[in-house]
Number of protein chains: 6
Amino acid sequence: MPIVTITRRLRFNAAHRIHNPVMSDEENARVYGKCNNPNGHGHNYTLDVSVTGPIDERTGYVMDLGLVKQVVTREVIDKLDHRNLNVDVDFLRGINPTSENLVVACWHVIEPHVQPARLTRLRLWETEHNYVDYDGRNAS
Amino acid sequence: MPIVTITRRLRFNAAHRIHNPVMSDEENARVYGKCNNPNGHGHNYTLDVSVTGPIDERTGYVMDLGLVKQVVTREVIDKLDHRNLNVDVDFLRGINPTSENLVVACWHVIEPHVQPARLTRLRLWETEHNYVDYDGRNAS
Amino acid sequence: MPIVTITRRLRFNAAHRIHNPVMSDEENARVYGKCNNPNGHGHNYTLDVSVTGPIDERTGYVMDLGLVKQVVTREVIDKLDHRNLNVDVDFLRGINPTSENLVVACWHVIEPHVQPARLTRLRLWETEHNYVDYDGRNAS
Amino acid sequence: MPIVTITRRLRFNAAHRIHNPVMSDEENARVYGKCNNPNGHGHNYTLDVSVTGPIDERTGYVMDLGLVKQVVTREVIDKLDHRNLNVDVDFLRGINPTSENLVVACWHVIEPHVQPARLTRLRLWETEHNYVDYDGRNAS
Amino acid sequence: MPIVTITRRLRFNAAHRIHNPVMSDEENARVYGKCNNPNGHGHNYTLDVSVTGPIDERTGYVMDLGLVKQVVTREVIDKLDHRNLNVDVDFLRGINPTSENLVVACWHVIEPHVQPARLTRLRLWETEHNYVDYDGRNAS
Amino acid sequence: MPIVTITRRLRFNAAHRIHNPVMSDEENARVYGKCNNPNGHGHNYTLDVSVTGPIDERTGYVMDLGLVKQVVTREVIDKLDHRNLNVDVDFLRGINPTSENLVVACWHVIEPHVQPARLTRLRLWETEHNYVDYDGRNAS
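Below or above, wherever it landed, is the structure these notes cover. Just so it is clear, the model here is predicted, and its values are computed rather than measured. (Residues numbered from 1 in each chain as written. Chains lettered and ligands numbered in written order. Predicted model: local features only at pLDDT ≥ 70, side-chain atom pairs only at ≥ 80, totals over all residues. Heavy atoms only, no water.)

**Observations concerning helix α1 (residues 25-32) of chain C**
All names here are of chain C. Every buried residue of α1 is listed here: E27, N28 and Y32. For α1, the angular spread of buried residues about the axis comes to 105 degrees, placing them on one side. In α1, the exposed positions that point more than 90 degrees away from the buried face belong to E26 and R30. (Buried < 20%, exposed > 50% of the residue type's maximum accessible area, 1.4 Å probe, protein only. Helix = DSSP H or I, 4+ residues; strand = E, 2+ residues; numbered from the N terminus. Arc of directions from axis to C-beta.)

**Details of the relation of the copies chain B and chain A**
Aligned on chain A, chain B shows an RMSD of 0.0 Å; the corresponding rotation is 180 degrees and the shift along the axis is 0.0 Å. Both chain copies can therefore be described as sitting about a two-fold axis. A share of 100% of interface residues in chain B that are also interface residues in chain A marks the association as one of identical surfaces. (Least-squares fit on C-alpha atoms with pLDDT ≥ 70 in both. Contact = heavy atoms within 4.5 Å.)

**Comments concerning the side chain of T127(C)**
Summarising the element assignment, T127(C) is placed in strand β4 (residues 118-127). In terms of polar contacts, T127(C) uses its side chain to reach the backbone amide nitrogen of H129(C), at 2.9 Å. Within the structure, the side chain of T127(C) is placed 3.4 Å from the backbone nitrogen of N130(C), a separation counted as a polar contact. Residues contacting T127(C), with those up to four places away along its chain left out, are H43(C), N13(E) and N44(E). (Polar contact = N/O pair within 3.5 Å; in protein donor to acceptor, adjacent residues only side chain to side chain.)

**Some thoughts on the relation of the copies chain D and chain F**
Under the fitted operation, chain D is carried onto chain F by 0.0 Å of movement along the axis and a turn of 180 degrees, and the coordinates agree to an RMSD of 0.0 Å. With an isologous cut-off of 70% or more, the 100% of interface residues of chain D that recur at the interface of chain F puts this contact in the isologous class.

**Section: the interface of chain D and chain F**
Of the residues lining the interface, 23 residues belong to chain D; the matching set on chain F comes to 23 residues. By the criterion of area lost to chain F, the three top residues of chain D are N39(D), N44(D) and H82(D), representing 32% of everything that side buries. At the junction of chain D and chain F, the tally comes to four salt bridges. Across the salt bridge formed by R11(D) and E128(F), the nearest N and O atoms sit 2.8 Å from each other. On the surface where chain D and chain F come into contact, there are 21 residue pairs in polar contact (both at pLDDT 80 or more). Of all the secondary structure elements, the ones that give two or more residues to the side of chain D that touches chain F are β1 (2-16), β2 (41-54), β3 (83-84) and β4 (118-127) of chain D. Partitioned by chemical class, the residues of the side of chain D that touches chain F number four nonpolar, twelve polar and seven charged. (Buried area = accessible area lost by both parts, 1.4 Å probe. Salt bridge = Lys/Arg side-chain N within 4 Å of Asp/Glu carboxyl O. Nonpolar A, V, L, I, M, F, W, Y, C, P; charged D, E, K, R; others polar.)

**Looking at the state of the cysteines**
Within the structure shown, the criterion is met by zero disulfides over all chains. A disulfide-free cysteine, C106(A) has its sulfur positioned 18 Å from the sulfur of C35(A), the nearest such atom. (Disulfide = S-S within 2.5 Å.)

**Digging into the environment of L85(C)**
Residue and element names in this part refer to chain C. Assignment of secondary structure puts L85 in the loop between β3 (83-84) and α3 (99-110). According to the relative accessible area criterion, L85 is buried, its value standing at 0%. Measuring from C-alpha to C-alpha, the distance between L85 and G40 comes to 10.0 Å, with 45 residues separating the pair along the chain. What L85 contacts, discounting residues up to four positions off in sequence, is A14, A15, H16, Y45, L80, L92, P97 and L102.

**Looking at the interface of chain B and chain A**
Facing 23 residues of chain B, the contacting portion of chain A comprises 23 residues. With both chains or domains summed, chain B and chain A bury close to 1,800 Å², and 45% of this area falls on carbon and sulfur atoms. Among the residues of chain B in contact with chain A, N39(B), N44(B) and H82(B) are the three that bury the most area, contributing 32% of the side total. Linking chain B with chain A are four salt bridges, by the criterion used here.

These figures come from the coordinates and say nothing about function on their own.
What follows is the structure, encoded as structure tokens:
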């Protein structure tokens, strides 16, 4: 059977502050600039979830996109939407919410829920000019 | 000379919480739902600034769009971008930052700076599914 | 109080065939071209619902956009989405589903449900290159 | 019959230089900045053509959008697309191609061709951040 | 010579019904939900066609994008646009028109026509929130 | 550490003419069609710059996206924006400005400036319907 990748786009609106408590306030301000604003700022995030596998001969689906939406909404979107990423989200506890750290954290939450298909890419848009991609790879 | 309306689109990313201190916490939660989350959430806002006037015969412009950008960036965008709308912005002091209140507050800041052309519309997008328009009218 | 217009964008996916039973098959084919294909075609429609009124001093809202979404979804979107506009929709019975006829039919369904605010415009996108606007006016 | 406005979006890609020969080179450079670059620059323009009228009871159309496309393509788009607006276009002879001047020139070319419906607005996007609107009004 | 991938985006509007005649009506309704609506629904589809090869030293092209457009329009778009995918399309005979099955069918039609360049990806958007990718791979 | 790819989108507006002086005027006209218009045409180009590397444990960044923007603006965008690609740009001297040739030229300019992260893809959009991708590979 042909191997196809299906992608579902989902959205959430959240506040965050980029800040690493290991660094001094001065270093945080210098490294992160306006993203370190003490009272935070926010974004309309877009998350593209890509799942890969063979087409099921009976259904004609790799995986029901309605199910992808349901699972990702329950596991990730409902916990991030209309929240403050620095304080409100269990799976982000202790994580500095850069886009890079955020996409990796989402990967670990979503990845077990799409089997037997495989999660092959998460693309997280922070604005319409910036996005980050993660495919599960780590530096050795 | 022909009367033309020119529009410049600008963006800012901000955190906010919809909350009216006149109401109890319970009423705030009931009226505003997830928008009342105590630690806030955020958006990539888009502001479309429309200015109307006759075409200047010498320049072929109603008003230099570069100047519209410069004025609105200085007076509004630089004060809103990467900020928390509930606490960081002088011209929003004491204002519950709904889109409606926000667009009216921006109108009063921008309006004096585009003369002799006339500010004829502000359109504020909070997400790609919601926007509000203000043209300076008040209920009598 | 300032008068503001708020707009909520909603989507539905539907099949239709442009066909007027008053005309012969030949005339239908000539007038409507490929839009008259006997087995139909379809679109991802976008409906922008605009509601105007004074800002409520207590809530800071003209009308809760969540309520606009809820009402329009119940009255219109749920009846149009994943349907065939020629046969599946009660409020389109006997109507040739051009964009013009469709937007006027939606107006009459939605208009009573947004009071005391006023429905001031419906914009219906059939594709990203075509849209129609209706504001309730009739030719005298 | 209900009065509806229909809009067709069309595109063209063109080069231009903003320059007024009445002014000195120094003044042109000062007034127009980088838009005065001697060898020109260019844009992907988008033109939204809006036509208003009653719905025809037989066809369900205000005016066939396919006909709007055909007329505007023949009269305007084919003359502007992949052209240099300063030298290649008959109806722009002697006109400094600012967006304001361009939209007014297009109005006069298109306006006679959509009757008995009425041309009610042209919106010309120069970039995705700038657009100009013309509705046929002149300063008295 | 550098190896570059070029992509042309094309659109078509079509009706379809997701239904597998091998399954009972009850199972079809359960598996496909509203996508199984007996009278169909429809979409504005977007197809991104990616072709890869070395840049031709004389033309500076991998393959003329105008030719990609012409070939794909003739072989695929003209057969799908303003059609019902369940009954009107020769190369979809007997195929349940899920996005996955549709993109694979298009691959087999387009692939011979872009040589000596190689077709390397088809991306089919069913809505702006869903797309599927195929690169010609099959499960062994 | 996880390996992430970050992408920054930037824009420039430029004029160009597709023309190869090695070919006769007749051959140029035949091969390039309207893109060979002697006085040029133009585009709003979009350049997506993708950089890959491990997340820095201290900053949570692969590379500061603000720095990506700054470097690419200085080295590429400021030299292309509001310019004529056939005559105004030092790093395009002698190059026929097809999208393919343009993206490869940008690669060589940008590539040294993002180390120790790696430039992994440039995507150049000429219109919203066409784009080209380069990842540094050459035909052997």
